[in-house]
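# Report on the structure
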Amino acid sequence: MPFSKREAPNCEWCPFRKNCFYDLLGTKDAKKAWREMRLASPLRSGEIVFHEGTQPQGVYVVCKGKVKIYKSSRAGHQLITRIESAGDLLGQITLLAQEGAYTGTAETLEPSIVSMVSQAEFVDFLKRFSDASLALLRELARDVRRGENKARDIAFKPARGRLADTLLRMMRPAKPFPVVQGLKRKDLAEMAGLTIETAVRLLKDFEVRGLVRRKVKDIQVLKEEEIRGMAGSAA
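This write-up is about the structure you can find in this document. Quantities reported herein were computed from a predicted structural model and do not represent experimental measurements. (Residues numbered from 1 in each chain as written. Predicted model: local features only at pLDDT ≥ 70, side-chain atom pairs only at ≥ 80, totals over all residues. Heavy atoms only, no water.)

Attention now moves to the overall build of the chain. Looking only at helices and strands, the chain has nine helices and eleven strands in total. Relative to the globule expectation of 18 Å for 235 residues, the C-alpha radius of gyration of the chain, 19 Å, shows essentially globular dimensions. Counting contacts in the chain only where the partners sit at least 6 residues apart, residues at least 24 apart contribute 72% of the total. Approximately 12,700 Å² of the chain is accessible, and the part contributed by carbon and sulfur atoms is 54%. Once the 42 positive and 29 negative side-chain charges of the chain are each reduced to a mean point, those two points are 3 Å apart. (Helix = DSSP H or I, 4+ residues; strand = E, 2+ residues; numbered from the N terminus. Rg over C-alpha atoms; globule rule 2.2 N^0.38 Å. Contact = heavy atoms within 4.5 Å. Areas by Shrake-Rupley, 256 points an atom, 1.4 Å probe, with all protein chains shown as cover. Lys, Arg positive; Asp, Glu negative; His and termini not counted. Charge placed at Lys NZ, Arg CZ, Asp CG, Glu CD.)

Once that is clear, we can look at helix α9 (residues 224-231). Those residues of α9 not exposed but buried are Ile-227, Met-230 and Ala-231. Along α9, the residues classed as buried sweep out an arc of 100° about the axis, all on the same side. Buried-residue contacts for α9 involve α6 (159-170), α8 (196-208), β10 (212-215) and β11 (218-221). (Buried < 20%, exposed > 50% of the residue type's maximum accessible area, 1.4 Å probe, protein only. Arc of directions from axis to C-beta.)

Another point: the sheet that holds strand β9 (residues 179-180). Hydrogen bonds along the backbone pair up the strands of a sheet, which may run parallel or antiparallel. Read across the open sheet, the three strands follow the order β9-β11-β10; overall the sheet is antiparallel. Since the sheet does not close on itself, it has two edges, and those belong to β9 and β10, each with one partner. One ladder, built from two bridges, connects β9 with β11; its direction is antiparallel. By the bridge assignment, Val-180 is partnered in β11 with Ile-219. Sheet contacts for α8: β10 and β11; angle to β10, the most-contacted strand, approximately 110°. (Pairing = 2+ DSSP bridges. Axes fitted to C-alpha atoms, helices over the stretch in contact; angles between N-to-C directions.)

Between side chains of opposite charge, a pair can form as their charged atoms come close. One pass over the structure, following the stated rule, counts 21 salt bridges. The salt bridge partner of Asp-165 is Arg-169, with a shortest N-O separation of 3.2 Å. Here the residue Asp-165 and the residue Arg-169 both occupy positions in helix α6, the gap between them amounting to four residues, near one helical turn. On the accessibility criterion, Asp-165 (22% relative accessible area) is partly exposed. It is possible to trace a salt-bridge network through shared partners that takes in Glu-12, Arg-17, Lys-18, Asp-23 and Arg-35. (Salt bridge = Lys/Arg side-chain N within 4 Å of Asp/Glu carboxyl O.)

Below you can see the structure in the form of structure tokens.
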């Protein structure tokens, strides 16, 4: 997975910049330094950004696509802890903690572009630009809030609500209906905090009710508003 400056997208033209750490940087100098530091690599679906148990090499940014973070058991089972989309940082917690290896594996869910800033450059960048440290704290606060929301949903939201929420987070605009592309049932279940059996049963129920439709490896969302209603339900 070679990284190069040539592959790094221009942050100023990026359609996802409003969701990105880059947009939180306060000064033109900080933004210029960030753009110049980044290396990037285009990745196919299923490629690994970093492995659980390896030492951090730097901080990563999802410039395009989606990346799942998962932990593995000794039996080979996976638990997806996070799904990162365009604009999100990867690996920053392990790098900043300076307490050893990555605690999860990062793997692309679809064709993606991932940028990287080396550990030494990133630490130096934070020392040079105080606004960057504040921006990073805001990014970490977002991570904490997402984790709290996920814990709340698992505790209080019914299974169908968690599945509906996952479908909404993963769907892409398409004609004639939005679509969840190429997502394995196993991944869908783990994202929703469900067993595979429960996820399959609920998907079948959604199909029978005309809410979604399976199309080869994709899921078409036929009645988005009803799905949103389920996702927002706490009972």
